[in-house]
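Take a look at the letters that make up each chain.
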Amino acid sequence: NKTAPSWSFLSYFALKEGMSFVFVQIGRRDLALKCYDELSNILTEPADMGITSFGASIGSDAAVGVVDPEAKHFRTMLLSGSITELDFRTYLFARQVYLLLADRKYSEVAERGLKFIATVARRIAEEASTNPGTISPLLRDAWVFRAARSLADALAPAIPSSAVSAPSLSKQ
């Protein structure tokens, strides 16, 4: 019950993620994905969950981990209560990508990736406008580029090599 005074999002997260790990171990990645989907859907008001910082700056590692949940110490930050909204969103998405790639659901990764990038780009713009001076206006563009590139790199192995050919630089 989220209205109970003893309710803690971090405890709820730990429980849901623990369930997700168990589902993966028994081969039910579909149920593990549902756990992460539920956690993503809850993320409407980060302040209500104890997340107090958006946490991104130009030149930072903000886009690291978009498709790799092990790229940063996300779980450590989460369990210690020091995770930022951007890192939390990134971690949830990376976990979803991990599960979808394991099931070779490449089109779903691409579809979710577009939504994820658009959502985070919107949140960066909101943060930049409400907290001028703390977030560079260039951050959104830089983050979108790096995140899209990471997503493209993750999906590249799914594209048959004959379907994509490098443009020729020689003149004929």
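Right above here is the structure, for reference.
Being a predicted model, the structure only gives us computed values, none of them experimental. (Residues numbered from 1 in each chain as written. Predicted model: local features only at pLDDT ≥ 70, side-chain atom pairs only at ≥ 80, totals over all residues. Heavy atoms only, no water.)

Novice: Hey, could you run me through the nonpolar core in this one?
Specialist: In globular proteins that are soluble, nonpolar side chains generally tend to be buried together. The biggest cluster of nonpolar side chains holds 34 residues, and the ones touching the most others in it are Phe13, Ile83, Phe88, Phe116, Ile124 and Trp143. Mapped onto this core, the elements with two or more residues apiece are α1 (9-25), α2 (29-42), α3 (74-80), α4 (85-102), α5 (106-130) and α6 (138-155). Sorting elements by how many residues they give to this core places α4 first, with eight residues. With residues up to four places along the chain from it excluded, the contact list for Phe88 reads Phe9, Phe13, Leu43, Ile51, Leu78 and Ile83. (Core = buried A, V, L, I, M, F, W, Y, C linked by side-chain atoms within 4.5 Å. Buried < 20%, exposed > 50% of the residue type's maximum accessible area, 1.4 Å probe, protein only. Helix = DSSP H or I, 4+ residues; strand = E, 2+ residues; numbered from the N terminus. Contact = heavy atoms within 4.5 Å.)

Novice: Would you take a moment to explain the packing of aromatic side chains for this structure?
Specialist: In this description, an aromatic ring pair is defined by two values, namely the gap between the centres and the angle between the planes. For the structure on display, the rule yields five aromatic pairs. Measuring from ring centre to ring centre gives 5.4 Å for Phe74 and Tyr91, while their planes differ by 40°; the resulting arrangement is tilted. Remark: Tyr91 occurs in helix α4 and Phe74 occurs in helix α3; sequence separation between them is 17 residues. The residues Phe74 and Tyr91 share a single accessibility class, namely buried. Members of the aromatic cluster, each reached through a chain of ring pairs, are Phe13, Phe74, Phe88 and Tyr91. (Phe/Tyr/Trp six-rings, centres within 6.5 Å; stacked < 30°, edge-to-face > 60°.)

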